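An overview of the molecular structure
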Amino acid sequence: MHRRLAVVMDPIAGIKIVKDSTFAMLLEAQRRGWALHYVVPGSLGMRGGTAGGRLAPLAVKDDKAGWFQLGDAAWTPLSAMDLVLMRKDPPVDADFLHDTQVLSAAAAQGARVCNDPAGLRDLNEKLAALLFPDCIPPTLVSREAPEFKAFAAEHGEIVLKTLDGMGGRSIFRSRRGDPNLNVILETLTADGRHLAMAQRFLPEIADGDKRVLLVDGVPVSHCLARIPQGDEFRGNLAAGGRGEVRTLTARDREIAERVGPELRRRGMQFVGLDVIGGYLTEVNVTSPTCIREIDAGAGLNIAGLLFDALERDAG
């Protein structure tokens, strides 16, 4: 009997398969004989205490001309699946959190969910790095403009960001005496209503913002360095950064080995760490990317490593 997998993701018709990590996972699961099911976006819910959604049989193909086929969707309890992949992109807003609550109910009813939905709620991708203070650059989280100004005065040049962004959006570079700092802080904190983060600017970003992947707490041998281009200081691929596959350095491994066991304990089986100049800057748990780029550059099968771990844990 085929094992059954359900995937919660953004609309599959809109993905770019050459770089989509969820698609890599689906290709690997299908290759191993898993029966794939697509959770129709927005359909997760509860019926009479049972967690489920509208699920459609799914087939995938590594072909830009047509990469998926869907069967008819029908309401299905998630406990009927052997595995649920939660791969919806941020923002981690109220809708995302409500979906994780449905998935927690599904887990209580016998479904295995990767990554663990409680961990997705608990581990904000910016704040989670602060669990490892020995690995991070000088960092401030606050709503208060005077604190950020004092931080800029102390460190000279800083990066500021919201706590719920992705892909390099809403990241600002500023410095002591910057006349734009007031408006940056007003924008990020909504005039002091929301928390924001500041970190000391790391000039090593010029050599790349490295995405280090962890599979079941263990670092993958290679990472993707995302290198800023032109007058852009952000390395994110979504912000125009250039990707370069590299082997992990000793410091990359040190950070990964420091972070991995705690994240594995929290049920985070697939994680992306952002590392700049030997410092951990973010811990990505919602829908980490870069599988396909690293696979292509290093001859790996990272989704295969993930399914090895998932199948091993299932017994």
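Residues numbered from 1 in each chain as written. Predicted model: local features only at pLDDT ≥ 70, side-chain atom pairs only at ≥ 80, totals over all residues. Heavy atoms only, no water.

1. Digging into helix α6 (residues 250-265)
Between its first and last C-alpha, α6 extends 23 Å over 16 residues, near the 22 Å set by a 1.5 Å rise per residue. In α6, a bend of some 30° at Val259 exceeds every other bend along the element, and Pro261, a proline, comes one to four places later. Residue Gly267 follows α6 closely and has a positive phi angle near 80°. (Helix = DSSP H or I, 4+ residues; strand = E, 2+ residues; numbered from the N terminus. Expected span 1.5 Å × (residues − 1). Bend = angle between axes of the 7 residues up to and from the residue.)

2. Concerning the nonpolar core
In terms of nonpolar packing, the biggest core is built from 39 residues, with Val84, Leu263, Leu273, Leu280 and Val283 touching the most fellow members. When contributions to this core are tallied by element, the ones reaching two or more residues are β1 (4-8), β4 (50-60), β7 (83-86), α2 (94-108), β13 (209-215), α6, β17 (270-276) and β18 (279-284). For this core, the element with the most residues is α2, which contributes 5 residues. The contacts of Leu273, once residues within four sequence positions are left out, are Lys210, Arg211, Val212, Leu214, Ile255, Ala256, Val259, Leu263, Leu280, Glu282 and Val283. Membership of the second largest hydrophobic core comes to 34 residues, among which are Ala29, Trp34, Leu85 and Ile302. (Core = buried A, V, L, I, M, F, W, Y, C linked by side-chain atoms within 4.5 Å. Buried < 20%, exposed > 50% of the residue type's maximum accessible area, 1.4 Å probe, protein only. Contact = heavy atoms within 4.5 Å.)

3. Brief notes about the packing of helix α4 (residues 145-155) against helix α5 (residues 181-189)
Relative orientation of the contacting elements α4 and α5 amounts to 130°, with a least axis distance of 10 Å. When the axes of α4 and α5 are compared, the pair comes out oblique. Of the two possible hands of crossing, α4 and α5 adopt the one that is right-handed. Along its contact with α4, which presents Ala145, Phe148, Lys149 and Ala152, the element α5 presents Leu181, Asn182, Leu185 and Thr189. The residue inventory of the contact of α4 with α5, partitioned by class, reads 5 nonpolar, 2 polar and 1 charged. (Axes fitted to C-alpha atoms, helices over the stretch in contact; angles between N-to-C directions. Parallel < 35°, antiparallel > 145°, perpendicular 65-115°, else oblique. Left-handed = near helix turned anticlockwise from the far one by under 90°. Nonpolar A, V, L, I, M, F, W, Y, C, P; charged D, E, K, R; others polar.)

4. Comments concerning unusual backbone geometry
In this model, Pro90 is joined to Pro91 through a cis peptide bond whose omega is 20°. Summarising the element assignment, Pro91 is placed in the loop between β7 and α2. The step from Cys114 to Asn115 runs through a cis peptide bond, and the omega angle for that step is -10°. Looking at the secondary structure, you find Asn115 in the loop between β8 (113-114) and α3 (117-122).

5. Details of the layout of surface pockets
Over the atoms, a rolling probe the size of a water molecule traces out where space has been left empty. The space that makes up the second largest pocket amounts to roughly 220 Å³. Around the second largest pocket, the lining comprises 13 residues; the ones closest to its centre are Val92, Asn124, Glu125, Leu163 and Asp164. Of the residues in the lining of the second largest pocket, the class split is 6 nonpolar, 3 polar and 4 charged. (1 Å grid on protein atoms, 1.4 Å probe; cavity = no way out; pocket = protein on both sides within 12 Å on 5 of 7 lines; lining within 4 Å. Points joined across faces, edges and corners; volume = space filled by probe spheres on them.)

6. Quick notes on the side chain of Thr189
For Thr189, the location among the structural elements is in helix α5. Of the residues examined, Thr189 reaches a relative accessible area of 3% and is grouped as buried. Separated by 2.9 Å, the side chain of Thr189 and the backbone nitrogen of Gly192 make a polar contact. Setting aside anything within four residues of it in sequence, one finds Thr189 in contact with Ser142, Arg143, Phe148, His194 and Ala196. (Polar contact = N/O pair within 3.5 Å; in protein donor to acceptor, adjacent residues only side chain to side chain.)

7. A word on empty space enclosed by the protein
One pass over the full model with this rule turns up 1 cavity of 30 Å³ or more. Considered as a void within the structure, the largest cavity measures approximately 40 Å³ in volume. Lining the largest cavity are Met25, Leu85, Met86, Arg87, Cys114, Asn115, Phe270, Thr286, Pro288 and Leu306. Grouping the amino acids of the lining of the largest cavity by side-chain chemistry returns 7 nonpolar, 2 polar and 1 charged.

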